[in-house]
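# Close look at the chain arrangement
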Amino acid sequence: MQENKTLNRKIRVLIGKVGLDGHDRGAKVIAAAFEVIYTGLRQTPETIVEAALQEDVDAIGISILSGAHMTVFPKIKYLLEKKGLNDVLLFGGGIIPEQDIVELQKMGIGMLFTPGTPTYETIDYVQKWVLKNRS
């Protein structure tokens, strides 16, 4: 697990897979870097947000390969706002076209990482975001 010495605590990240997407390799790679609550496969946006609330996480990472990213991310973002979790980072990774990444980021979704992104880039992004927004 990655210790962030500036925060003097481990960053808590909820990692989830939404829908019927059964590939979780990327989620497991990121899970090795932080104190992670891994919800496993076939979750709903509602279960992801409820788990984030219960576990008091700093960030939610969604791994998605199913093509449902334009539905899943906005739904989770809406539910986070509805629960008052405006200070929780929502980021993700998977097969997401560049034009959709731009559109999702306009909606307030954090960075979206595509296949081949070095793991350290994702870890660095989450650490810097949490330090700036949750310290």
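The subject of this paragraph is the sheet that holds strand β3 (residues 12–18). Strands sit in the order β4-β3-β5-β6-β7 across an open sheet of five strands; the sheet is parallel. The sheet is open, and its two edges are formed by β4 (35–43) and β7 (112–113), each paired on a single side. For strand β6 (residues 89–94) and β7, the ladder comprises two bridges, and the chain directions are parallel. Within the sheet, the bridge partner assigned to G92 lies in β7 and is L112. In this fold helix α3 (residues 69–82) packs onto β3, β5 (59–64), β6 and β7, with an angle of close to 165° to the strand it touches most, β5. The strands touched by helix α5 (residues 119–134) within the sheet are β3, β5, β6 and β7, with β6 carrying the most contacts at an inclination of about 170°.

This part takes up the packing of helix α2 (residues 45–55) against α3. With their axes 9 Å apart at the nearest point, α2 and α3 run at an angle of 40° to one another. In terms of their interaxial angle, α2 and α3 are classed as oblique. At the point where α2 passes α3, the crossing takes the right-handed sense. From α2, P45, E46, I48 and V49 reach across to α3, where they touch K75, I76, L79 and L80. Each residue belonging to the contact of α2 with α3 can be placed in one class, and the counts come to six nonpolar, no polar and two charged.

We now examine the environment of I60. Along the chain, I60 turns up in strand β5. In this structure I60 comes out as buried when scored by relative accessible area, which is 0%. Taking the C-alpha atoms as reference points, I60 and V126, 66 residues apart in sequence, are found 9.8 Å from one another.

One non-glycine residue with positive phi stands out, namely D56, at about 50°. Note on placement: D56 falls in the loop between α2 and β5.

Another point: the pairing of β6. Counting buried residues along β6, six of its six residues qualify, which places the element largely inside the surrounding structure. Of the two faces of β6, the one lined by L89, F91 and G93 and the one lined by L90, G92 and G94 are each fully buried. Pairing of β5 with β6, which is carried by six bridges, proceeds in the parallel orientation. Pairing of I64 across the sheet is with G94, part of β6. In this fold, the crossover linking β6 to β7 by way of helix α4 (residues 98–106) has right-handed handedness.

Definitions and cut-offs
Residues numbered from 1 in each chain as written. Predicted model: local features only at pLDDT ≥ 70, side-chain atom pairs only at ≥ 80, totals over all residues. Heavy atoms only, no water. Pairing = 2+ DSSP bridges. Helix = DSSP H or I, 4+ residues; strand = E, 2+ residues; numbered from the N terminus. Contact = heavy atoms within 4.5 Å. Axes fitted to C-alpha atoms, helices over the stretch in contact; angles between N-to-C directions. Parallel < 35°, antiparallel > 145°, perpendicular 65-115°, else oblique. Left-handed = near helix turned anticlockwise from the far one by under 90°. Nonpolar A, V, L, I, M, F, W, Y, C, P; charged D, E, K, R; others polar. Buried < 20%, exposed > 50% of the residue type's maximum accessible area, 1.4 Å probe, protein only. Right-handed = clockwise from strand over helix to strand, strands pointing away.

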